[in-house]
Amino acid sequence: MRFTDTVTVITGAGAGMGRATALRLAAEGGKIMCLDLSAESAAETAELVRAAGGAAESFRCDVRDRAAIEAARDYAIKSFGAVHNLVNSAGALTMQGLADTDDAGWNLVMDVNVKGVFLMLQAFVPEIERAGGGSIVNITSIEAEVVVASGENTQPHYACSKGAVKTMTRTLAHDLGRKNIRINAIAPGLIATGFGGSNPGSERYQQYVHEHSALRRAGQADEIAGAIAFLLSKDASYVTGAQLPVDGGWLIY
Ligand SMILES: NC(=O)c1ccc[n+]([C@@H]2O[C@H](COP(=O)([O-])OP(=O)(O)OC[C@H]3O[C@@H](n4cnc5c(N)ncnc54)[C@H](O)[C@@H]3O)[C@@H](O)[C@H]2O)c1
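Residues numbered from 1 in each chain as written. Predicted model: local features only at pLDDT ≥ 70, side-chain atom pairs only at ≥ 80, totals over all residues. Heavy atoms only, no water.

### Regarding the site of the ligand
Every one of the 26 residues lining the ligand counts as a neighbour, but M17, D36, Y158, I191 and T193 are closest to it. Interatomic distance of 3.0 Å between a backbone N/O atom of V63 and a nitrogen atom of the ligand. One of the side-chain N or O atoms of K162 is found 3.0 Å from an oxygen atom in the ligand. Protein chains bury 89% of the 840 Å² of accessible surface belonging to the ligand in isolation. Elements with a minimum of two residues in the shell around the ligand: α1 (16-27) and α5 (156-177). Taken together, the residues of the shell around the ligand sort by class into 13 nonpolar, 9 polar and 4 charged. (Near = heavy atom within 4 Å. Polar contact = N/O pair within 3.5 Å; in protein donor to acceptor, adjacent residues only side chain to side chain. Areas by Shrake-Rupley, 256 points an atom, 1.4 Å probe, with all protein chains shown as cover. Helix = DSSP H or I, 4+ residues; strand = E, 2+ residues; numbered from the N terminus. Nonpolar A, V, L, I, M, F, W, Y, C, P; charged D, E, K, R; others polar.)

### Quick word on the side chain of T8
Relative to the elements of secondary structure, T8 occurs in strand β1 (residues 7-11). On the basis of relative accessibility, which here comes to 0%, the residue T8 falls in the buried class. For T8, the side chain forms a polar contact with the side chain of N85, separated by 3.2 Å. For T8, the contacting residues outside a window of four places in its chain are L25, K31, I32, M33, N85, L86, V87 and L232. (Buried < 20%, exposed > 50% of the residue type's maximum accessible area, 1.4 Å probe, protein only. Contact = heavy atoms within 4.5 Å.)

### Some points on unusual backbone geometry
Although it is not a glycine, N180 adopts a positive phi angle of roughly 65°. With respect to the element layout, N180 can be found in the loop between α5 and β6 (181-188). One non-glycine residue with positive phi stands out, namely R216, at about 60°. When you line up the elements, R216 lands in the loop between α6 (203-212) and α7 (221-232). R216 sits in the partly exposed class, given a relative accessible area of 42%.

### So, the packing of α1 against α7
Orientation of α1 relative to α7, taken along the N-to-C sense of each, is 55°, at an axis distance of 8 Å. By the angle between their axes, α1 is oblique relative to α7. In terms of crossing hand, the pair formed by α1 and α7 is right-handed. Every residue of α7 that contacts α1 at G16, M17, A20, T21, R24 and L25 is listed here: A221, D222, I224, A225, G226, I228, A229 and L232. (Axes fitted to C-alpha atoms, helices over the stretch in contact; angles between N-to-C directions. Parallel < 35°, antiparallel > 145°, perpendicular 65-115°, else oblique. Left-handed = near helix turned anticlockwise from the far one by under 90°.)

### Structural notes on α1
Taking 1.5 Å per residue as the helical rise, α1 with its 12 residues ought to reach 16 Å, and the 17 Å between its terminal C-alpha atoms agrees with that figure. Every buried residue of α1 is accounted for by M17, G18, R19, A20, T21, A22, L25 and A26. Trailing α1 by a residue or two, G29 shows a phi angle of about 95°, which is positive. (Expected span 1.5 Å × (residues − 1).)

### Brief notes about the pairing of strand β3 (residues 55-60)
As paired strands, strand β2 (residues 31-36) and β3 are joined by 6 bridges and run parallel to one another. Among the inter-strand pairings, K31 is bridged to a residue of β3, identified as A55. After leaving β2, the chain enters helix α2 (residues 39-51) and then returns to the sheet as β3, a path that is right-handed. (Pairing = 2+ DSSP bridges. Right-handed = clockwise from strand over helix to strand, strands pointing away.)

Here is the structure:
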């Protein structure tokens with residue numbers, strides 16, 4: 001019960017890693033504010049948490065929208081009185097390469113993955129500071145470290161966006177350390193959520209994962225949730241500015 005009496009705000013909480021993290025933290029006593037672009041899926045996650053005996057609320061929030069984030073922050077404070085932790089899991093990917101990345105693809109990926117994290121930090125860090133400190137986890141990717149070319153080519157805009165969040169995490173660890181706030185990143189390998197339109201059931205996906213991960217399988221969302229719970233908890237009280245790969249050994253090659 002490492003999260004008793006704490007409130008955690010999660011973006012992208014309507015699916016995948018965000019949902020798994022909501023369920024995991026709530027199972028350890030935490031109260032959860034589920035944010036997602038989809039009001040329905042955020043509400044569904046909150047309902048799943050409550051059905052399991054936990055405490056959760058939901059709010060529709062597009063992380064590209066400063067006003068929506070500020071409204072979500074106000075709702076979190078109204079609902080729970082404080083915010084201690086933040087997980088930035090919302091993400092976007094378009095399967096576009098150098099030649100075919102148009103303005104729409106570039107802007108979507110950069111705005112959700114980079115600006116969205118920045119706007120969330122701007123809005124929520126003062127609240128976490130007011131609560132006496134806390135912990136933040138951003139989700140990057142192994143693509144911040146190595147080239148991943150699962151299709152015909154890489155997705156350079158996506159890889160750049162995750163590299164940017166890695167740097168943001170390290171840079172802000174300096175500023176937030178003096179506020180008693182830790183900030184870390186998790187770099188997932190291939191996780192079977194269907195993110196970006198991927199099909200974890202397909203032969204091509206299975207083969208790609210088999211070739212690149214030491215564990216010869218894709219990860220599951222709750223395996224990321226476990227690592228997020230560690231970084232948010234007091235078990236990681238001296239860890240900040242770090243990026244933890246949770247990738248089945250992808251980065252050893
Ligand atoms: N699944 C993987 O293999 C993998 C690997 C490395 C990194 N990641 C990263 O992990 C994070 C979580 O991905 P996932 O696998 O859980 O994906 P997912 O598609 O299951 O969940 C992503 C959630 O983010 C929400 N979202 C998208 N745009 C949003 C916006 N503008 N505002 C608010 N919410 C928004 C979606 O509605 C969805 O509920 C992402 O940042 C992704 O880049 C995923």
